[in-house]
Amino acid sequence: MKRECFSVSGLLNKYFDQEVTPEERSLVEDHLPDCPVCRSALQSMEDLRILIKSPVEEAVEKETFPWVWEKIERGIQREGRPGLWESLMSRLDVTPFLKKKIMIPVAAVAVALILMMVPILYEKITSYPIPSVVEYVESETYNVMIYQLENQKGTVIWLFNGPEEEVSPS
Amino acid sequence: MNENEAELIFRCQKGDQDALKEIFNQYHKKVYRIAYGVVRQREEALDIVQEVFIKLFRSIHQFRGKSKFYTYLYRMTMNTSIDHTRKMKKVSALSMDEDAGFQLSDDAERRPDRILDHKELEARVQWAMDQLSPDQKAALIFREVEGLSYQEIAEATGSSIGTVMSRLHYGRKKVQELLKDYVEGGR
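What this report covers is the structure whose coordinates are included nearby.

### A few points about the overall build of chain A
Summing up its helical and strand segments, chain A has 7 helices and 4 strands in all. Looking at the 170 residues of chain A, the share that counts as buried comes to 25%. Of the roughly 12300 Å² of accessible surface on chain A, 61% is carried by carbon and sulfur atoms.

This is how it looks when you write it as structure tokens:
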């Protein structure tokens, strides 16, 4: 291999695939007449292409594709047309939102919102209903106070011995 | 993508089977070529053609026109073909389907020993191609069989041009080494 082969051999694949620039083409073509090694490498690529491509071309040429379309039609009917969900998704085009770079911030915002909502919800759920005084009756023996809960599900009655003394809730 | 093709794709996305048939008429040979290039067996390649167009009909709503339609279709074909090769049982080199061998051009070459040579050669090529990684195999078939440019191969395989060049370089080198008796230098 000649010294200039080192610079040209890296271009041989590109040259063979016709992907070189005009300058690269000139470089290779100036080199080839004097270099049997590079010519042989190109010939190997050509031989390989023939080995890979020829049987395929011959197979395509003689193929009649018997009943292929009919089988495709049957296959589609068997599997059914795209479902309602698939059609809806295709119309809405949510695919951009499923991309990782969008999904991660969206998920982070969702988690933050949930974390912010939890104390509020928890407080609301665990807070006791504020009772309202329905009636307060004073007498010589007992004072009675009746509370009606806000949700109408319960009534609390207190009995007081004196003006400030609580006996027991019932 | 020309206007007619865009219209066909749009109709197909709406579930129009006549549009799919037109796409099939336009592309089935190309799909078959890629499939045959990978599996090198007629029946398998025909099965792949069917599977690809059924898959296309089911998933064409995902095609947004950001890439060329044919590279989208070729990618689907290559993935389906490589899946098939994984499923296929390995057959011995000489038990290949007769149709998969070379077709000899004249009667003089149809002697049994010549037919055996060609069948054996085809089997060796298939074996050598099977030694490549799926990515190298895809790049080589897109280039050698379908004649795609580096840019088109990059689009169809979802990789960069540099990666495509590397896969072609090392893929060719490996297959040439495995088939050195049949390519220049081994003669």
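### Some remarks on the nonpolar core
A general tendency of soluble globular proteins is for nonpolar side chains to be buried together. Residues and elements named next belong to chain B. Membership of the largest hydrophobic core comes to 67 residues, with the highest contact counts inside it found for Ile23, Phe53, Leu56 and Phe69. Considering every element that reaches this core, the biggest residue donor is helix 2 (residues 17–39), with 12 residues. Setting aside residues no more than four positions away along its own chain, Leu56 makes contact with Leu20, Ile23, Phe69, Tyr72, Leu73 and Met76.

### Examining the packing of helix 7 (residues 150–157) of chain B against helix 8 (residues 161–178) of chain B
Residue and element names in this part refer to chain B. The N-to-C vectors of helix 7 and helix 8 enclose an angle of 100°; their axes lie 9 Å apart at closest approach. Taken together, the axes of helix 7 and helix 8 lie roughly perpendicular to each other. Facing Tyr150, Gln151, Ile153, Ala154 and Thr157 of helix 7, the residues of helix 8 in contact are Ile161, Val164, Met165, Arg167 and Leu168. Residues of the contact of helix 7 with helix 8, tallied by class, amount to 7 nonpolar, 2 polar and 1 charged.

### Here we look at the pairing of strand 2 (residues 143–148) of chain A
Residues and elements named next belong to chain A. Going residue by residue along strand 2, you find Asn143, Met145 and Tyr147 tucked away on one face and Val144, Ile146 and Gln148 left uncovered on the opposite face. Where strand 2 meets strand 3 (residues 155–160), 6 bridges bridge the pair, whose relative direction is antiparallel. Paired with Ile146 across the strands is Ile157, a residue of strand 3.

### Remarks on the packing of aromatic side chains
Residue and element names in this part refer to chain B. Here the structure, examined in full by the defined rule, presents 10 aromatic pairs over all chains. Between Tyr27 and Phe69, the ring centres sit 5.7 Å apart and the planes meet at 65°, which makes this aromatic pair edge-to-face. Of the two residues, Tyr27 sits in helix 2 while Phe69 sits in helix 4 (residues 69–87), which places them 42 residues apart along the sequence. Considered together, Tyr27 and Phe69 belong to a single accessibility category, that of buried residues. Centre to centre, the rings of Tyr32 and Tyr36 are 5.8 Å apart; their planes meet at 40°, and the pair counts as tilted. Separated by 4 residues within a single helix, Tyr32 and Tyr36 lie in helix 2, roughly one turn from each other. Taken as a pair, Tyr32 and Tyr36 share a single burial class, namely buried.

### Focus on the interface of chain A and chain B
Counting residues at the interface gives 42 residues for chain A, matched by 48 residues for chain B. Buried area between chain A and chain B, both sides added, is near 4500 Å², and the carbon and sulfur share of it is 61%. Contact with chain B buries surface across chain A, with Leu51, Ile52 and Trp69 of chain A losing the most and accounting together for 15% of the total. Where chain A touches chain B, the interface holds 5 salt bridges. Asp17 of chain A is paired through a salt bridge with Arg143 of chain B; the nearest N and O atoms lie 3.0 Å apart. If you look at where chain A meets chain B, you find 11 residue pairs in polar contact (both at pLDDT 80 or more). Looking at the side of chain A that touches chain B, the elements that each hand over two or more residues are helix 2 (12–16), helix 4 (36–62), helix 5 (68–79) and helix 6 (84–92) of chain A. Here the side of chain A that touches chain B takes 18 residues from helix 4 of chain A, the largest share from any one element.

### Concerning the pattern of salt bridges
Summed over all chains, the structure comprises 22 salt bridges over all chains. Measuring nitrogen to oxygen at the nearest pair gives 2.8 Å for the salt bridge that ties Lys137 of chain B to Asp130 of chain B. Classification of Lys137 of chain B as buried rests on a relative accessible area of 5%. For Asp130 of chain B, a relative accessible area of 39% gives the class partly exposed. Through salt bridges with shared partners, one network takes in Asp17 and Arg49 of chain A together with Arg143, Glu144 and Arg172 of chain B.

What counts and how
Residues numbered from 1 in each chain as written. Chains lettered and ligands numbered in written order. Predicted model: local features only at pLDDT ≥ 70, side-chain atom pairs only at ≥ 80, totals over all residues. Heavy atoms only, no water. Helix = DSSP H or I, 4+ residues; strand = E, 2+ residues; numbered from the N terminus. Buried < 20%, exposed > 50% of the residue type's maximum accessible area, 1.4 Å probe, protein only. Areas by Shrake-Rupley, 256 points an atom, 1.4 Å probe, with all protein chains shown as cover. Core = buried A, V, L, I, M, F, W, Y, C linked by side-chain atoms within 4.5 Å. Contact = heavy atoms within 4.5 Å. Axes fitted to C-alpha atoms, helices over the stretch in contact; angles between N-to-C directions. Parallel < 35°, antiparallel > 145°, perpendicular 65-115°, else oblique. Nonpolar A, V, L, I, M, F, W, Y, C, P; charged D, E, K, R; others polar. Pairing = 2+ DSSP bridges. Phe/Tyr/Trp six-rings, centres within 6.5 Å; stacked < 30°, edge-to-face > 60°. Buried area = accessible area lost by both parts, 1.4 Å probe. Salt bridge = Lys/Arg side-chain N within 4 Å of Asp/Glu carboxyl O. Polar contact = N/O pair within 3.5 Å; in protein donor to acceptor, adjacent residues only side chain to side chain.

So, to be careful, I would describe these as geometric facts and stop short of saying anything about function.
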